[in-house]
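Here are the chains, one letter per residue:
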Amino acid sequence: TAYKKGDKMTITQRLMLTIGLLAAVMAGLAGWNYAQLNQVGALAGKAGTVRVPQLHDIASVELNVTRVSLQLRHAMLARTPQEQQAALDDIAQKRKDIEHALRNYEQKLYTEQGRQRFAPVPGLVQAFWAQGEANLRLIQQGRKDEAFAYLVDHTIPARNALLAVLDSTVDYQVQTLSGDIGQVQALIRNT
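Reference entry: report on the structure contained in this document. Since the structure is predicted, the reported quantities are computational estimates derived from the model, not experimental observations. (Residues numbered from 1 in each chain as written. Predicted model: local features only at pLDDT ≥ 70, side-chain atom pairs only at ≥ 80, totals over all residues. Heavy atoms only, no water.)

**Let's talk about the pattern of salt bridges**
Inclusion rule: Between Lys or Arg on one side and Asp or Glu on the other, a salt bridge is scored when a side-chain nitrogen of the former is within 4 Å of a carboxyl oxygen of the latter. Only DSSP runs of H or I with at least four residues qualify as helices, and only runs of E with at least two residues qualify as strands; both kinds are numbered from the N terminus onward. Under the scheme applied here, a residue whose accessible area is under 20% of the maximum for its type counts as buried, over 50% as exposed, and between as partly exposed, the area being computed with a 1.4 Å probe on protein chains only.
If you walk through the whole model with that rule in mind, you get eight salt bridges. Note that Asp90 and Lys94 form a salt bridge whose closest N and O atoms lie 3.2 Å from each other. Note that Asp90 and Lys94 are positioned in helix α2 (residues 81-107) at a spacing of four residues, about one turn of the helix. Exposure remark for Asp90: the relative accessible area of 22% places this residue in the partly exposed category. Notably, a salt bridge pairs Glu112 with Arg115, separated by 3.6 Å at the nearest N-O pair. Of the two residues, Glu112 and Arg115 both sit in helix α3 (residues 112-118), three residues apart, roughly one turn of that helix. Judged by relative accessible area, Arg115 falls into the partly exposed class, the value being 38%.

Below, the structure written as structure tokens:
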């Protein structure tokens with residue numbers, strides 16, 4: 001039969017339509033991949049600027065709380081007034097380090113669950129320092145036996161209560177960081 005214009009598409013027209021459809025699909029895929037990669041970048045950025053520093057800060061608090069209790073004991077066992085003063089000075093510095101790390105940590109909280117987990121920490125830190133200060137007074141008064149008994153009966157239990165919450169907070173941060181990494185990996189696989 002004779003070809004009638006308008007009845008069928010020419011080969012050129014079919015090729016142009018196919019190329020146009022492929023270009024539209026490719027543009028859609030490129031847009032989707034761009035969005036996925038932006039999400040990967042955002043998650044990785046959050047992990048690097050928020051999650052990892054939070055883990056560092058809370059681990060620093062955990063370590064320095066333990067060091068303070070050890071320095072209290074060292075101050076009791078000091079052989080010279082200079083050794084005792086060095087231990088007391090180190091406790092004062094560790095206190096500043098703890099307060100600094102807690103401020104940094106709290107400033108980076110951005111989820112309600114994170115804020116709820118952090119909520120008991122300031123009170124437990126305050127309770128620990130109240131016991132620690134009482135311990136320090138006994139040490140400074142030279143009442144080392146009483147100071148050691150106070151350390152065992154009051155300061156260490158306050159420290160352990162604080163460390164339990166800090167440990168739970170570290171676990172939470174590790175889980176959320178692992179979740180973010182898993183999400184990044186899934187997005188990359190999808191892309």
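Anyway, onward from the coordinates.
**Structural notes on the packing of aromatic side chains**
Put simply, the rule reads: A pair of aromatic rings is counted whenever rings of Phe, Tyr or Trp (Trp by its six-membered ring) have centres within 6.5 Å, and the orientation is called stacked for planes under 30 degrees apart, edge-to-face for over 60 and tilted otherwise.
On inspection of all chains with the given rule, the structure shows two aromatic pairs. A ring pair is formed by Tyr105 and Phe118, whose centres lie 5.4 Å apart and whose planes are at 35°; its orientation type is tilted. With a gap of 13 residues between them, Tyr105 in helix α2 and Phe118 in helix α3 connect regions that are remote in the sequence. Grouping residues by exposure puts Tyr105 and Phe118 together as buried.

**Examining α2**
This is how the line gets drawn: Multiplying one less than the number of residues by 1.5 Å gives the expected span of a helix. Here, residues are in contact when the closest pair of their heavy atoms is within 4.5 Å.
Taking 1.5 Å as the rise per residue, α2 with 27 residues should run 39 Å; its terminal C-alpha atoms sit 39 Å apart, in good agreement. Of all the positions in α2, only Gln84, Ala87, Leu88, Ile91, Lys94, Ile98, Ala101, Leu102, Asn104 and Tyr105 are classed as buried. Against α1 (11-77), α3, α4 (120-140) and α5 (144-190) lie the buried residues of α2.

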